[in-house]
Amino acid sequence: MAFSAILGQEHALSLLQKALVSARLGHAYLFYGPSGVGKKLTALQFTKVLVCQGATAEACDRCASCHKMSTGNHPDVVVINPEGASIRIEHIRAIQRQLGYRPYESQRTVVIIDGCESLTPPAANALLKTLEEPPASALLLLLTSKKDALPLTIISRCQQIPFRPLAPPHIRAILLQQGVDEPTAT
């Protein structure tokens, strides 16, 4: 999949592609916006480009790293989702342990924290420590639909990438891609 397959988020994609082309990546990004608008899909595609063995601004989708990303088995990529209603400190400590090691196959270890608004206070404090003193090979992608629920100290240490609500034509196109019939999609 290419960035062009992500519909309705041209501004966010432009910001990320500029960072890739200029090779000036931050250590942490906060993807924020409504639920279901493509934050996780964008995070996975951005990560795929970062770990791709031959990519510049798009993933090649042919190398071993791209294949591992497509199957969810890349050793340098960690995806954290809320367990139950929260992300606990144990999850963040596991991330910190992994970030203490060098990446196995790529130049950086990428951590995607989906639903980061559900961090418990101890987990948020532990994550803050990592954001303040990140390893050189680490890149953290925090995804949230409730930016206001995050501590300001975490927000201030991330480059913010806004995701906007999808326009009706984009919603229709996505529904058609997912196999919804034409009358239902309109």
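Structure first, text after, so check above.
Residues numbered from 1 in each chain as written. Predicted model: local features only at pLDDT ≥ 70, side-chain atom pairs only at ≥ 80, totals over all residues. Heavy atoms only, no water.

### A few points about the packing of aromatic side chains
Okay, step 1: Scanning the model with the defined rule gives two aromatic pairs in all.
Okay, step 2: Taking 5.8 Å as the distance between ring centres and 80 degrees as the angle between the ring planes, the aromatic pair formed by Y29 and F46 counts as edge-to-face. Here Y29, found in strand β1 (residues 28–32), pairs with F46, found in helix α2 (residues 39–51); they are 17 residues apart in sequence, far enough to count as distant. Neither residue differs from the other here; Y29 and F46 are each classed as buried.
Okay, step 3: Where F31 meets F163, the ring centres are 5.2 Å apart and the plane angle is 40 degrees; that geometry is what we call tilted. Placement of F31 in strand β1 and of F163 in the loop between β5 (159–162) and α7 (168–177) is noted, with a sequence separation of 132 residues between them.
Okay, step 4: Accessibility expressed as a relative area gives 0% for F31, which makes it buried.
Okay, step 5: Cation over ring: K147 sits above Y32, and NZ or CZ is 4.2 Å from the ring centre. (Phe/Tyr/Trp six-rings, centres within 6.5 Å; stacked < 30°, edge-to-face > 60°. Helix = DSSP H or I, 4+ residues; strand = E, 2+ residues; numbered from the N terminus. Buried < 20%, exposed > 50% of the residue type's maximum accessible area, 1.4 Å probe, protein only. Lys NZ or Arg CZ within 6 Å of the ring centre and 35° of its normal.)

### Considerations on the packing of helix α1 (residues 10–22) against α2
Okay, step 1: Between α1 and α2, the least distance of the axes is 12 Å, while the angle of their chain directions is 15 degrees. By the angle between their directions, the pair α1 and α2 is classed as roughly parallel. Crossing angle aside, the handedness with which α1 passes α2 is right-handed. Contacts between α1 and α2 involve L13, L16 and L20 from the first element and T42, F46, V49 and L50 from the second.
Okay, step 2: For the contact of α1 with α2, the class distribution of residues is six nonpolar, one polar and no charged. (Axes fitted to C-alpha atoms, helices over the stretch in contact; angles between N-to-C directions. Parallel < 35°, antiparallel > 145°, perpendicular 65-115°, else oblique. Left-handed = near helix turned anticlockwise from the far one by under 90°. Contact = heavy atoms within 4.5 Å. Nonpolar A, V, L, I, M, F, W, Y, C, P; charged D, E, K, R; others polar.)

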